[in-house]
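The chain contents come next:
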Amino acid sequence: MKRRVRKKLRIGEFMEDSFEVSARLMPELSDEDRCRVFDEFVDFLTEHGLQYGGLCDPTWDGVVELSGLGTATESHRASVNDWLQSHPLVESFQVGRLFDVWR
């Protein structure tokens, strides 16, 4: 298949994988603390070339994808999982499997 067709169909090297993330913070946190933790999360993602789209209050429920063109990897997924697991103010979370955002 020609490169132009693969690009239009978003397959092969043009495929874009991402993963879902949901998280619940400790219920006793103030609005300021919830915003601070979310800002820390966004900073972490930015440092790893990722971005988040979705809800953030009172729970996070959205998708993490690579900033710009490209595909998120299992390594990205594992990094996000580790960050959420290690943060003391995250009560519970779930990191979904990689999926093709265009399918």
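This structure is a prediction, so every number in the text was calculated from the model and none was measured.

(A) Representation of the side chain of Arg34 in the model. With respect to the helices, strands and loops of the structure, Arg34 is situated in helix H2 (residues 31-47). Taking the relative accessible area as the measure of exposure, Arg34 reaches 17% and is therefore buried.

(B) Region of the structure containing the sheet that holds strand E3 (residues 59-66). Read from one edge to the other, the open sheet built from four strands follows the order E2-E3-E1-E4, with strand pairing classed as antiparallel. Pairing within the sheet leaves two strands with one partner each, and these edge strands are strand E2 (50-55) and strand E4 (90-100). Averaged over all pairs of adjacent strands, the angle between their axes in this sheet comes to 25°, without regard to strand direction. Where strand E1 (residues 17-25) and E4 come together, eight bridges link them in antiparallel fashion. Bridge pairing in E4 places Asp17 opposite Asp100. Relative to E2, H2 is tilted by about 145°, and along the sheet it contacts E1, E2 and E3. Of the strands in this sheet, E1, E2, E3 and E4 are in contact with helix H3 (residues 74-86), which crosses E4 at around 170°.

Cut-off values and rules
Residues numbered from 1 in each chain as written. Predicted model: local features only at pLDDT ≥ 70, side-chain atom pairs only at ≥ 80, totals over all residues. Heavy atoms only, no water. Helix = DSSP H or I, 4+ residues; strand = E, 2+ residues; numbered from the N terminus. Buried < 20%, exposed > 50% of the residue type's maximum accessible area, 1.4 Å probe, protein only. Pairing = 2+ DSSP bridges. Axes fitted to C-alpha atoms, helices over the stretch in contact; angles between N-to-C directions. Contact = heavy atoms within 4.5 Å.

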